[in-house]
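Observations on chain architecture
Here is what each chain is made of, one letter per residue.
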Amino acid sequence: MTLTIGIVGLGLIGGSMGLDWRDRGHRVLGVSRRPETIERAIERGACDQASCELDLLQSADVVVLCTPLGVMTATIDHLLPHLADSAILTDAGSVKAPIVAAIAPRYPNFVGGHPMAGTADSGIEAALRGLFVDRPYVLTPTATTPPAAIETVAQLARDLSARVYQTSPDRHDRAVAWISHLPVVVSASLINACLADADPELVAIAQSLASSGFADTSRVGGGNPELGLMMAQYNRDELLRSLRGYRAALDAAIDEIDRQDWTALGDRYTASQQARPKFL
Ligand code: NAP
């Protein structure tokens, strides 16, 4: 079925969705904050029509909020008066419980969503075709979310060639703390701990020698700072829980190395080697 899809926030995620949904034959209406973004989104083919005004979205069947987390609930205040009665609302936010709690009571035809793909870049220039191919797209309906709205958003996710999962907002936030938000803190801490070495010449040598291993482990800590900050602010409790678990694992490894307990350390590495394929 061909739909008219409104996208609010034409950056990496919103722009990438627009590119792919237009390729699948949907009509895409885009709203963003800055006029230059509107102009580029049209030039890049991410929207059929675009505006800085939310009243453009009156004819949308589905509206996807793709703004930064910090402005999502404020955007809702301005958006709701412009939506058609039957319009389905969803969002792309990386944290779900506070967003669902803020929007679902005000707009029952709302389905929380999280397309789990990204790059280190942001803004409309960073938008990419095929960003969501074979990536998880999590839906977080509540007990009162209309099944037809869930199915429509699930189909739009499948139109991006994403793999659709469903869970509760709380369980989503607990799971992504482990596999997405904790890695940002770990990765940023790795970079910062290395820079804090008391010997600047040694840091310069380390920077020259850094290769694929450092590239893999530092990637998410060297990404968009605003996004990392939002994850910590909006998923604070679950991030702290996973950080404490990580600290316990790190302390155990430090202790084993300190005591030269190579058997225990080897067992630890064997366990992580065997477990990794279950994550990826
Ligand atoms: P982004 O590249 O910074 O894009 C967000 C865009 O929203 C900006 O380009 C900005 O466009 C626009 N915007 C800001 N304030 C606005 C407002 N008040 N009204 C309308 N538009 C506004 O960020 P992103 O990475 O696409 O992230 C967007 C959402 O997706 C976030 O909620 C994030 O949690 C979620 N997400 C991100 C990733 C990721 O890895 N990046 C992955 C999954 C989900 P202007 O140029 O017009 O200012």
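In what follows, the structure referred to is the one given above.
This one's a predicted model, so the numbers in the text were calculated from it and none came from an experiment.

**So, the sheet that holds strand 2 (residues 27-31)**
A sheet is described by the order of its strands in space; here six strands give the open sequence 3-2-1-4-5-6, paired in parallel fashion. Edge positions in the sheet fall to strand 3 (49-51) and strand 6 (110-111), since each has one partner strand and no second. Both strand 1 (residues 4-8) and strand 4 (residues 62-65) contribute to a ladder of four bridges, which runs parallel. Looking at strand 4, one finds that glycine 6 is bridged to valine 63.

**What to know about the pairing of strand 5 (residues 88-91)**
Burial along strand 5 is two-sided: the face carrying Ile88 and Thr90 and the face carrying Leu89 and Asp91 are both buried. Once you follow strand 4 into helix 3 (residues 72-79) and on to strand 5, the crossover reads as right-handed. Both strand 5 and strand 6 contribute to a ladder of two bridges, which runs parallel. From the neighbouring strand, leucine 89 faces strand 6, where its bridge partner is phenylalanine 110. Between strand 5 and its parallel partner strand 6, the chain crosses via helix 4 (residues 97-103), and the hand of that crossover is right-handed.

**Observations regarding the nonpolar core**
With 36 residues, the main nonpolar core has Ile7, Ile13, Met17, Trp21 and Phe132 as its most contacted residues. Listed by contribution, the elements that provide at least two residues to this core are strand 1, helix 1 (12-23), helix 2 (35-44), strand 4, strand 8 (136-139) and helix 5 (147-159). For this core, the leading source of residues is helix 5, giving six residues. For phenylalanine 132, the contacting residues outside a window of four places in its chain are Ile13, Ser16, Met17, Asp20, Pro115, Ala117, Leu160, Ser161 and Ala162. Counting 24 residues, the second-largest nonpolar core is a separate cluster that includes Ala87, Ile103, Tyr107 and Phe110.

How each quantity is defined
- Residues numbered from 1 in each chain as written.
- Predicted model: local features only at pLDDT ≥ 70, side-chain atom pairs only at ≥ 80, totals over all residues.
- Heavy atoms only, no water.
- Pairing = 2+ DSSP bridges.
- Helix = DSSP H or I, 4+ residues; strand = E, 2+ residues; numbered from the N terminus.
- Buried < 20%, exposed > 50% of the residue type's maximum accessible area, 1.4 Å probe, protein only.
- Right-handed = clockwise from strand over helix to strand, strands pointing away.
- Core = buried A, V, L, I, M, F, W, Y, C linked by side-chain atoms within 4.5 Å.
- Contact = heavy atoms within 4.5 Å.

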